[in-house]
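Structural characterization, general
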Amino acid sequence: VNYRYFHTTKVLNKKVAFKLSDIGEGIREVVIKEWFIKVGDKVQQFDNICEVQSDKAAVTITSRYDGVVTKIYHEVDQTALVGQPLVDIEVDSTADDDSSSDSDTESNVEVSKTQSQTTQKVKVLTTPAVRRIAAQFKVDLGTVNPSGRNGRILKEDVLAHLNMSADKSNEIPSALSVEAKPMAMSFGSVKIEEILEDKTVPITGFTKAMVKSMTEAMKIPHFGLSDEYDVTKLVESRESLKVIAQERGVKLTYMPIIIKASSLALTAYPVLNSSLDAACENLTYKANHNIGVAMDTPNGLVVPVIKNVQHKTILDIARELNILQEKGSKGQLGLSDLSGGTFTLSNIGIVGGTYAKPVIVPPQVSIGALGKIQVLPRFNSEGEVAKAHILTVSWSADHRVVDGVTMARFSNILKQYLEDPYKLLLDI
């Protein structure tokens, strides 16, 4: 007897849980701010899935799969934990399941050939970080020679293709390619929401970060120092300089000048650009002047950082500050924009303040608050009352490692630079 066996096979779509990967900086939970997809939508690799808000920055999450969304695990404003599913995606069973790797995802090579076709469609093997670099510099990854295992394209391969060093990959493009646009500031009436009954809301996002950081900050023994700078000459100089800056596509405020002058003063007193470890046993003097600038954004108060100020011109700083302000107004500041600060300045004068008592951002050891530049009567060198532009400043320092004399001398150097811009010019 001859038996003939029949079996059937069918291509099954399998469901994979797309989990929230570790997004760095020790972040363990985020708040869902916006979904870009809904159940039933088709998504492809690197399509935007959602925007999440950590206690440090807003981050856009992109898909690692091609498929159909079958389930969404969280509503807007709910908390999602790292390592837990965000959505379920139904993918073709022939596709690679890369759920075992959250940080190093790859695309399979997919080649289609027919007798009438002579071209191949190839999805290259690489990581999302490399794809972002390629997108930034408009590089077709299909033209890059891979050096990684199994033909994977590494970051170094893209940089070699661009004839660029690794250090240059993170630089902000020059003014020739990026034109910084002044932000339109609105000072309309504030919308007042009347609270008719008690309401309890969870502390999340930037507020949660502030609770944590300020709790740590208030363990620091602060001392304060305030002073007045007569910046009349600076005001006159800036009127001419801002016209030149505008011709180069840059909006020049006083802040970039103050940031550069602060960097020069930090060179004279490097202890103010240091950090103290948690055990109070080691003080690290930072080589780079990474100066944070406190900003009020729709997401709350944030402190983006301008890195390596000691190597940048005032125009470079102004250009970068413009970009950070625009990103902040759109809620697009990333972790790299907000991390690594060694010294902080807060410009309370924007909202009309004069003096403040700024709170140090751990593990930094000092912070400055700049008041509003006011036109006030002052006695000149001849003893006559004259109009002067006065900038009020307030400093706070960690009294465990910084004494009052050091803080005063630092302030005096900065004062000389801002009261006489020619001195600043000589030392740049």
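Data block above holds the structure.
Before going into details, it helps to say that this report is about the structure given with it. All of these numbers come straight from a predicted model, not from anything done at the bench.

**Details of the pattern of salt bridges**
- For the structure on display, the rule yields 12 salt bridges.
- With a closest N to O distance of 3.3 Å, Asp 41 and Lys 38 form a salt bridge.
- One network of salt bridges, with partners in common, ties together Arg 238, Glu 239 and Lys 242.

**Re unusual backbone geometry**
- Pro 363 follows Pro 362 through a cis peptide bond whose omega is 5°.
- If you check the backbone angles, Asp 77 has positive phi at about 80° while not being a glycine.
- Relative to the helices and strands, Asp 77 is located in the loop between strand E6 (67-72) and strand E7 (79-81).
- The phi angle at Asn 308 is positive, at roughly 55°, despite the residue not being glycine.
- Checked against the element boundaries, Asn 308 lands in the loop between strand E14 (305-306) and helix H6 (314-329).

**Quick notes on the environment of Ile 258**
- By the secondary structure assignment, Ile 258 is in helix H5 (residues 254-268).
- Along the chain, Ile 258 and Ile 314 lie 56 residues apart, while their C-alpha atoms are 9.1 Å from each other.
- Apart from the residues lying within four places of it in its own chain, the contact partners of Ile 258 are Leu 345, Leu 370, Leu 391, Leu 414 and Leu 418.

**Considering H6**
- Here H6 spans 22 Å end to end across 16 residues, near enough to the 22 Å set by a 1.5 Å rise per residue.
- The set of residues buried in H6 consists of Ile 314, Leu 315, Ile 317, Ala 318, Arg 319, Glu 320, Leu 321, Asn 322, Leu 324 and Gly 328.
- In the core, the buried residues of H6 are packed alongside helix H4 (232-247), H5, strand E12 (291-297), E14, helix H7 (335-338) and helix H9 (421-427).
- Downstream of H6 by one or two residues, Gly 331 has phi in the positive range, about 70°.

**Things to note about the packing of aromatic side chains**
- Per the counting criterion, the structure on display carries 4 aromatic pairs.
- For the ring pair Phe 18 and Tyr 65, a centre distance of 6.3 Å and an interplane angle of 90° mean the geometry is edge-to-face. Within this pair, whereas Phe 18 is found in strand E1 (residues 13-19), its partner Tyr 65 is found in the loop between strand E5 (58-62) and E6, the two being separated by 47 residues in sequence. We note that Phe 18, like Tyr 65, is buried.
- One Lys or Arg, Arg 238, reaches over the ring of Tyr 254 and ends 4.8 Å from the middle of that ring.

**Focus on the nonpolar core**
- Counting residues in hydrophobic clusters, the biggest one holds 48 residues, and the most contacted among them are Tyr 229, Ile 259, Leu 345, Leu 391, Trp 395, Phe 410 and Leu 418.
- Contributions of two or more residues to this core are made by strand E9 (222-230), H4, H5, E12, H6, strand E15 (343-347), strand E18 (385-398) and helix H8 (404-419).
- When near neighbours in sequence (up to four residues on either side) are disregarded, Tyr 229 contacts His 389, Ile 390, Leu 391, Val 393, Trp 395, Ser 411, Leu 414, Lys 415, Leu 418 and Glu 419.
- Membership of the second largest hydrophobic core comes to 23 residues, among which are Val 52, Ile 61, Leu 86 and Ile 89.

**Concerning H8**
- In a regular helix each residue adds 1.5 Å, so 16 residues correspond to 22 Å; H8 covers 22 Å between its end C-alpha atoms and thus fits that length.
- In this fold, the buried residues of H8 make contact with E9, H4, H5, E15, E18 and H9.

Reading guide: rules and limits
- Residues numbered from 1 in each chain as written.
- Predicted model: local features only at pLDDT ≥ 70, side-chain atom pairs only at ≥ 80, totals over all residues.
- Heavy atoms only, no water.
- Salt bridge = Lys/Arg side-chain N within 4 Å of Asp/Glu carboxyl O.
- Helix = DSSP H or I, 4+ residues; strand = E, 2+ residues; numbered from the N terminus.
- Contact = heavy atoms within 4.5 Å.
- Expected span 1.5 Å × (residues − 1).
- Buried < 20%, exposed > 50% of the residue type's maximum accessible area, 1.4 Å probe, protein only.
- Phe/Tyr/Trp six-rings, centres within 6.5 Å; stacked < 30°, edge-to-face > 60°.
- Lys NZ or Arg CZ within 6 Å of the ring centre and 35° of its normal.
- Core = buried A, V, L, I, M, F, W, Y, C linked by side-chain atoms within 4.5 Å.

In short, geometric facts, not functional conclusions.
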